[in-house]
Amino acid sequence: MKTLIASALVATAALTGAANASLSSDVKTYAPGADISNLTAAETASLHLIVNGGGSESEKRNAVRKIVN
């Protein structure tokens with residue numbers, strides 16, 4: 001059981017790193033030079049929703065900049 005839990009944690013950490021790399025490049029589209037490494041989990045989740053959701057490019061840019069600044 002401990003092995004299963006440890007494997008799940010390792011997989012989650014690996015996927016989180018890949019997801020953050022992708023999110024970072026998406027965020028830089030709307031806020032060049034933004035650093036998302038110190039954001040909370042809630043802020044990161046909000047950014048995912050913004051960049052992958054509906055809305056115009058200017059709405060996305062404004063929403064992303066509110067979070068990263």
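Our subject is the structure that appears above.
Residues numbered from 1 in each chain as written. Predicted model: local features only at pLDDT ≥ 70, side-chain atom pairs only at ≥ 80, totals over all residues. Heavy atoms only, no water.

Description of the overall build of the protein chain
At step 1: The number of helices and strands found in the protein chain is 3 helices and 0 strands.
At step 2: Each helix and strand of the protein chain, ordered N terminal to C terminal, gives the series α-α-α.
At step 3: Taken across its 69 residues, the protein chain has 22% of its residues classed as buried.
At step 4: Excluding contacts between residues fewer than 6 apart, the proportion of contacts in the protein chain whose partners are at least 24 apart in sequence is 49%.
At step 5: When the accessible surface of the protein chain is summed, it comes to about 4700 Å², and 61% of that surface belongs to carbon and sulfur atoms. (Helix = DSSP H or I, 4+ residues; strand = E, 2+ residues; numbered from the N terminus. Buried < 20%, exposed > 50% of the residue type's maximum accessible area, 1.4 Å probe, protein only. Contact = heavy atoms within 4.5 Å. Areas by Shrake-Rupley, 256 points an atom, 1.4 Å probe, with all protein chains shown as cover.)

A few points about the packing of helix α2 (residues 41-52) against helix α3 (residues 57-68)
At step 1: The interhelical angle for the contact between α2 and α3, taken along N-to-C directions, is 170°, at an axis separation of 10 Å. Classified by the angle their axes make, α2 and α3 are roughly antiparallel. Between α2, through Glu43, Ser46, Leu47, Ile50 and Val51, and α3, the contact on the second element is made entirely by Lys60, Ala63, Val64, Ile67 and Val68.
At step 2: The class makeup of the residues in the contact of α2 with α3 is 7 nonpolar, 1 polar and 2 charged. (Axes fitted to C-alpha atoms, helices over the stretch in contact; angles between N-to-C directions. Parallel < 35°, antiparallel > 145°, perpendicular 65-115°, else oblique. Nonpolar A, V, L, I, M, F, W, Y, C, P; charged D, E, K, R; others polar.)

Looking at the environment of Asp26
At step 1: Structurally, Asp26 is set in helix α1 (residues 2-30).
At step 2: Given the relative accessible area of 28%, Asp26 is considered partly exposed.

Here's the deal with α2
An α-helical turn contains 3.6 residues, so any two residues separated by three or four positions project in the same direction.
At step 1: Helix length check: α2, at 12 residues, gives a terminal C-alpha distance of 17 Å against a target of 16 Å (1.5 Å per residue), a fit within 8%.
At step 2: Buried residues of α2: Thr44, Leu47, Ile50 and Val51, and no others. Taken end-on, α2 shows its buried residues confined to a sector of 120°, consistent with a single buried face. In α2, the exposed positions angled more than 90 degrees off the buried face are occupied by Ala41, Ala42, Leu49 and Asn52. (Expected span 1.5 Å × (residues − 1). Arc of directions from axis to C-beta.)

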